[in-house]
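# Results of the structural survey
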Amino acid sequence: MRIATWEGIRSVEVSPIDAPTPGPTDLVLDVSACGICGSDVHSFAEGAWIAKGMPLGHEFAGVVREVGANVEGISVGDRVTVNPAAYCGHCARCLDGHENLCENMSGAAGGFSDRVLIPNARRDVNVFVLPDEVSFEAAAFLEPLSVAMRAINQLRPPLDEPILVTGLGTIGQCVVQILAAQGASRIVAIDTSPIRREGALASGATEVLDPTSEDVVDVLLEKYGVTRSPYRDRSGAFGAAFECAGAAPVFDQIFQLVRAAGSVSLVALTAQPITLDPNVVVQKEIRVVGSFAYSTEDVRGAFELLASKAVQPDRLITHRFQLGDIQEAFEVQSRSNESIKVMVSP
Ligand SMILES: [Zn+2]
Ligand SMILES: [Zn+2]
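Quantities reported herein were computed from a predicted structural model and do not represent experimental measurements.

## Considering the nonpolar core
- Of all hydrophobic cores here, the largest spans 53 residues; its most connected members are Leu145, Val165, Val175, Ile178, Leu179 and Phe242.
- Elements that contribute at least two residues to this core include exactly helix H3 (136–139), helix H4 (142–155), strand E10 (163–166), helix H5 (170–182), strand E11 (187–190), strand E15 (238–243) and helix H10 (296–307).
- Here this core takes 8 residues from H4, the largest share from any one element.
- Structurally, this core is a two-domain feature, drawing no fewer than three residues from each of domain 1 (2–140 + 312–345) and domain 2 (146–290).
- Once residues lying within four places of it in the same chain are set aside, the contact partners of Leu145 are Cys174, Ile178, Ala302, Leu306, Val311 and Pro313.
- Of all hydrophobic cores here, the second largest spans 32 residues; its members include Ala4, Val41, Val127 and Val332.

Here is the structure:
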């Protein structure tokens, strides 16, 4: 079998490797589709969170090929998708209900390959059996959908008020899709990339804006109204915002556009530290919530939306590549003006 590994800045190579053998609690699946994650692109382009020879790819779905003797409820031939994160279950954070912050978290990578071994396979925990009508490509979005699900579960935004989503990579798009599925009536999405703004409209955004061609604060104060609170006489009317861009200029805009007692979810990582005026957070009592990865509960919520087709993330696929062309697949995914999601199949 073949597997793609990171070999240096902007270099991914496919090479042969021995096929994995499952232990009694593991399973092996034949990969059908694996999406390129934003974090994979950071690894590819900057060498972030990776070392030479390490595999990439954690957003995958496929067909079960071999099952360990002690795995229950999953059979050879099942079409499945995977939660690649594994939590230890006994550290302080696992025990206090924050397994996404597990002290001993490990993750399954290696989705850009013919086969993947899933250690400790447990149905509806880290392996989910797909209904026939859900495609492998849609199912490969379980992981980014889970990231978006956590951000929304953590923030619980008021769905009857306007909600802002900044940054329309896969996570921002998944946030838009879930908000729309939950019934949010006004979702305003912002990104510099035309193809990503278009994608957000298809995902359920009610309005999209290009921050390079207009002053988004002026436009949104005008359109959605101005709110007032002590020392702050010109805030926006947004009940909540999801920051999925990680770009410095959006932070000031978000904190101005969110109303007093509103809430902001920080989902994206930033490449550089940013400066932020804490007075606005204090004076408007803005609830700022960081959101990292996902818990099993978030993954189950994401899977329900996927299985019921309440969300259709495969609409975000702009390019498809074979495993042998993975270098080009990464180049395309790293060009945000051209792509939303690049999907790779063996
Ligand atoms: Zn991912
Ligand atoms: Zn733990």
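## Some details on the domain arrangement of the protein
- Assigned domains within the protein: domain 1 (2–140 + 312–345) and domain 2 (146–290).
- With 14 residues of domain 1 at the interface, the matching set in domain 2 holds 14 residues.
- Taking both partners together, domain 1 and domain 2 bury about 1100 Å²; carbon and sulfur atoms supply 54% of that area.
- When residues of domain 1 are sorted by the area they lose upon contact with domain 2, Leu316, Asn337 and Ile340 head the list and together hold 44% of the total.
- If you look at where domain 1 meets domain 2, you find 0 salt bridges.
- On inspection of domain 1 and its partner domain 2, the count reaches 6 residue pairs in polar contact (both at pLDDT 80 or more).
- Tallied by class, residues from the side of domain 1 that touches domain 2 come to 4 nonpolar, 7 polar and 3 charged.

Conventions and cut-offs
Residues numbered from 1 in each chain as written. Chains lettered and ligands numbered in written order. Predicted model: local features only at pLDDT ≥ 70, side-chain atom pairs only at ≥ 80, totals over all residues. Heavy atoms only, no water. Core = buried A, V, L, I, M, F, W, Y, C linked by side-chain atoms within 4.5 Å. Buried < 20%, exposed > 50% of the residue type's maximum accessible area, 1.4 Å probe, protein only. Helix = DSSP H or I, 4+ residues; strand = E, 2+ residues; numbered from the N terminus. Domains from an automatic or database assignment. Contact = heavy atoms within 4.5 Å. Buried area = accessible area lost by both parts, 1.4 Å probe. Salt bridge = Lys/Arg side-chain N within 4 Å of Asp/Glu carboxyl O. Polar contact = N/O pair within 3.5 Å; in protein donor to acceptor, adjacent residues only side chain to side chain. Nonpolar A, V, L, I, M, F, W, Y, C, P; charged D, E, K, R; others polar.

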